[in-house]
Amino acid sequence: APGGLAITPILAAQADATMLDTAMTGSYSATSASLTADDTVTRWMATAGIEARWPILFATANSSHVIEPIGQVFARPDETYIGMLPNEDAQSFVFDTTNLFDRDKFSGYDRIEGGTRANVGVRYTGAVGDSIGLYGLFGQSYHLAGTNSFAGPDMVNAGADSGLETDVSDFVGMAGASYQDMISAAFRGRFDEETFGVKRAEAELGYTTYPLTASASYAYIDAQPVYGFTTERREVSGSATLRFAEFWRVSGLATYDITNDRLAKSGIGLAYDDECFALGLHWRQTRDASNEVSNSFGFRLAFRTLGDFGSDFSAFGEN
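Some remarks on the nonpolar core
1) Next: Counting 12 residues, the largest nonpolar core is built from Ile-70, Ala-90, Phe-93, Phe-95, Leu-100, Phe-101, Phe-106, Leu-137, Phe-150, Leu-164, Val-172 and Met-174.
2) Next: Contacts of Leu-100, omitting those with residues within four sequence positions, involve Gln-72, Phe-95, Lys-105, Asn-119, Val-120, Gly-139, Gln-140, Ser-141 and Val-172.

Now the structure itself:
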């Protein structure tokens, strides 16, 4: 549109069928429907939406800055079978700036966001000279009509205490900077919609240069009694990847729980990758609040033209 306004219509549809065969006795009713121990259910979700963006450019002799207001509205029916189907791939849910403008904010396919919702925010991107990059985002989400999927009684509490369970969400924001693609720093946070109190905050610092990539972070998470965390949590984490040969690299990570004075997570990984295939191995150890230790081992094998199988190595920077 004139003046740089960009308007994007959005249409999407999804449908799936699930056969449920469990040892559940009787029926469980979380909405107007109910499921028994042996059921085959189908569900669908159709979405009609519109997005408007209006980037505004400011420039000086050695810098440029873009401020971009963004607004979205998604209209769709209510999510069906909330809390009645197994949720195996949408359990890890954190509301922040990375999913503020997602059409479906759930991380997997076992949950499908429903109801009418609006997302609004302001994005900033800047550059100073040829070396410094700046970026930021701040926004909020509004449940307008229908059933709020994030307030539904999910079996694993996905969406509970996420900041989206009320009609007016918490605020989410982030700010960051980078220098010559070598040093980066970022801050992300979620803030109460009424008091602006900090619900979640993360600060990260990264360094990249051949052959080393390293990062450090600090995280604060407010108490979440619905998940069993009755007090606030504070953690510091570090990770590093060192390339010691042309195709080989070793990685390590550690997370220290300041609140409970314990090493919460540690791990190492070894990977090989060339122009034909990639191979990786990793070991990870975690400790829960009662200091119970669990170990996991994984591998990943990928062929450039055929695909890959095995574990996700993202925790070690092995995407």
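Read on, since the account is not over.
So, the environment of Phe-106
1) Next: The residue Phe-106 is located in the loop between β4 (63-75) and β5 (116-128) in this model.
2) Next: Phe-106 gets classed as buried once you look at its relative accessible area, which sits at 6%.
3) Next: Between the alpha carbons of Phe-106 and Ala-90 there is a distance of 5.9 Å; along the sequence they are 16 residues apart.
4) Next: Discounting residues that sit within four places of it in the chain, Phe-106 has contacts with Glu-79, Ala-90, Phe-93, Arg-111, Ile-112, Glu-113, Ser-149, Phe-150 and Ala-158.

Structural notes on the pattern of salt bridges
1) Next: Inspection of every chain in the model, using the stated rule, returns 17 salt bridges.
2) Next: Taking the shortest distance from any N to any O, the salt bridge between Glu-202 and Arg-200 comes out at 3.8 Å.
3) Next: With a relative accessible area of 19%, Glu-202 lands in the buried category.
4) Next: Note that Glu-232 is salt-bridged to Arg-234, the shortest N-O span being 2.8 Å.
5) Next: Residue classification places Arg-234 among the partly exposed positions, given a relative accessible area of 30%.

Remarks on a nonpolar patch on the surface
1) Next: A cluster of nonpolar side chains, contributed by Val-128, Ile-132, Tyr-179, Ile-183, Leu-205, Tyr-207, Leu-212, Leu-242, Phe-244, Trp-248, Val-250 and Leu-270, occupies part of the molecular surface with about 970 Å² of accessible area.
2) Next: At the level of secondary structure, the elements contributing two or more residues to the nonpolar patch comprise β9 (198-209) and β12 (248-257).
3) Next: With respect to the secondary-structure elements, Leu-212 resides in strand β10 (residues 212-221).

Observations concerning the pairing of strand β14 (residues 277-287)
One face of the sheet, then the other: side chains in a regular strand alternate in exactly this way.
1) Next: When strand β13 (residues 262-273) meets β14, the two strands line up antiparallel, connected through 9 bridges. Each bridged residue has a counterpart across the sheet, and for Gly-267 the counterpart in β14 is Arg-284.
2) Next: Relative to strand β15 (residues 293-303), β14 runs antiparallel, the two being bridged by 11 bridges. Looking across to β15, one finds that Arg-287 is bridged to Val-293.
3) Next: Here β14 folds back onto β15 in antiparallel fashion, the turn holding 5 residues, of which Asn-291 has a positive phi close to 70 degrees.

Description of the pairing of β5
1) Next: As defined by bridge partners, β4 adjoins β5 across 12 bridges and the pair is classed as antiparallel. From the neighbouring strand, Gly-71 faces β5, where its bridge partner is Val-120.
2) Next: Examined bridge by bridge, β5 and strand β6 (residues 132-145) share 13 bridges and lie antiparallel to one another. Bridging across to β6, Arg-117 finds its partner in His-143.

A few points about the confidence of the model for the protein
1) Next: Scored by pLDDT, the protein comes out at a mean of 88, with 92% of its residues at no less than 70.
2) Next: Contacts of residues 25-33 to residues separated by more than four positions or lying in other chains number 21 contacts, the stretch itself having pLDDT below 50.
3) Next: The low-confidence segment residues 315-319 (pLDDT under 50) makes 19 contacts with residues lying over four places distant or belonging to another chain.

Calculation criteria
Residues numbered from 1 in each chain as written. Predicted model: local features only at pLDDT ≥ 70, side-chain atom pairs only at ≥ 80, totals over all residues. Heavy atoms only, no water. Core = buried A, V, L, I, M, F, W, Y, C linked by side-chain atoms within 4.5 Å. Buried < 20%, exposed > 50% of the residue type's maximum accessible area, 1.4 Å probe, protein only. Contact = heavy atoms within 4.5 Å. Helix = DSSP H or I, 4+ residues; strand = E, 2+ residues; numbered from the N terminus. Salt bridge = Lys/Arg side-chain N within 4 Å of Asp/Glu carboxyl O. Patch = residues over 30% accessible without salt bridge, like charges linked within 9 Å, V, L, I, M, F, W, Y side chains within 5 Å. Areas by Shrake-Rupley, 256 points an atom, 1.4 Å probe, with all protein chains shown as cover. Pairing = 2+ DSSP bridges. pLDDT = per-residue confidence, 0-100.

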